[in-house]
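Now for the letters of each chain:
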Amino acid sequence: MSKHWIGKFRNALRGVHLGIVGQSSFSVHLPMAGLVLLVAAVLRCSVIQLAVLLLCIALVMSLELMNSAVEYLARGLCREHNPEVGQALDIASAAVLVAAMLSAVIGLTIFGYQLRLFLS
C-alpha cells in the first residue's frame, strides 16, 4: 500500500475521531447500534437481516459524521448568526433524523418478524 493511501486512511480515522468526540448524538447512536446487534444475535437474525441492520447503522453513523462536518464548516466560515447557514445546519440534521427514523422502522420490522418466529 502506498504512503498516499496510508495518509488517506489516517486522515479518515482522524475524521471519525473528530466527528465523534464532543458530539452528543453519538452517545445515543453508538449504544443503540450495540443494542440492535445484541437483539439481532438473540433473535438469531439471518445474514441478510443482519446485513440490512448493519447498512442502517452505517447510514445513520455516516450521516451523523456528515452533519458534524457541516457544523464544523459552518462554525469555521461564519461566526455570526446567518439564516442560510442555520437552514443548512437544519437540513443536515434532518438527513440524520430521516435516516434514523427509517432505520428504526426497518429494525422494528425485522425484529418483529424474528420475534414472531422465535416465539412460535
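Here the structure is shown first, and the text comes after it.
Residues numbered from 1 in each chain as written. Predicted model: local features only at pLDDT ≥ 70, side-chain atom pairs only at ≥ 80, totals over all residues. Heavy atoms only, no water.

Thoughts on the packing of aromatic side chains
Okay, step 1: All told, the structure shown has 0 aromatic pairs when counted by the stated rule.
Okay, step 2: The ring of Trp5 carries the charged tip of Lys8 above its face, separated from the ring centre by 4.9 Å. (Phe/Tyr/Trp six-rings, centres within 6.5 Å; stacked < 30°, edge-to-face > 60°. Lys NZ or Arg CZ within 6 Å of the ring centre and 35° of its normal.)

Quick notes on unusual backbone geometry
Okay, step 1: The phi angle at Arg44 is positive, at roughly 55°, despite the residue not being glycine.
Okay, step 2: Relative to the elements of secondary structure, Arg44 occurs in the loop between helix H2 (26-42) and helix H3 (47-77). (Helix = DSSP H or I, 4+ residues; strand = E, 2+ residues; numbered from the N terminus.)

A closer look at the packing of H3 against helix H4 (residues 83-119)
When two helices pack together, you describe them by how their axes are tilted relative to each other and by the distance separating the axes.
Okay, step 1: Their axes nearest at 9 Å, the elements H3 and H4 cross at an angle of 165°. Between H3 and H4, the angle falls in the class roughly antiparallel. Crossing angle aside, the handedness with which H3 passes H4 is left-handed.
Okay, step 2: Residues belonging to the contact of H3 with H4 are distributed by class as follows: 20 nonpolar, 6 polar and 2 charged. (Axes fitted to C-alpha atoms, helices over the stretch in contact; angles between N-to-C directions. Parallel < 35°, antiparallel > 145°, perpendicular 65-115°, else oblique. Left-handed = near helix turned anticlockwise from the far one by under 90°. Nonpolar A, V, L, I, M, F, W, Y, C, P; charged D, E, K, R; others polar.)

Thoughts on the side chain of Gln114
Okay, step 1: Here Gln114 shows up in helix H4.
Okay, step 2: Using a relative accessible area of 8% as the deciding quantity, one classes Gln114 as buried.
Okay, step 3: If near-sequence neighbours (up to four positions away) are discounted, Gln114 is found in contact with Leu43, Arg44, Cys45 and Gln49. (Buried < 20%, exposed > 50% of the residue type's maximum accessible area, 1.4 Å probe, protein only. Contact = heavy atoms within 4.5 Å.)

Considering H4
Okay, step 1: For H4, spanning 37 residues, the distance from its first C-alpha to its last is 52 Å, which sits close to the expected 54 Å at 1.5 Å a residue.
Okay, step 2: All buried positions along H4 are accounted for by Ala92, Val96, Ala99, Ser103, Gly107, Ile110, Phe111 and Gln114.
Okay, step 3: The inward-facing, buried residues of H4 contact H2 and H3.
Okay, step 4: The N-terminus of H4 is capped by Asn82, whose side-chain oxygen sits 2.9 Å from the backbone nitrogen of Glu84. (Expected span 1.5 Å × (residues − 1). Polar contact = N/O pair within 3.5 Å; in protein donor to acceptor, adjacent residues only side chain to side chain.)

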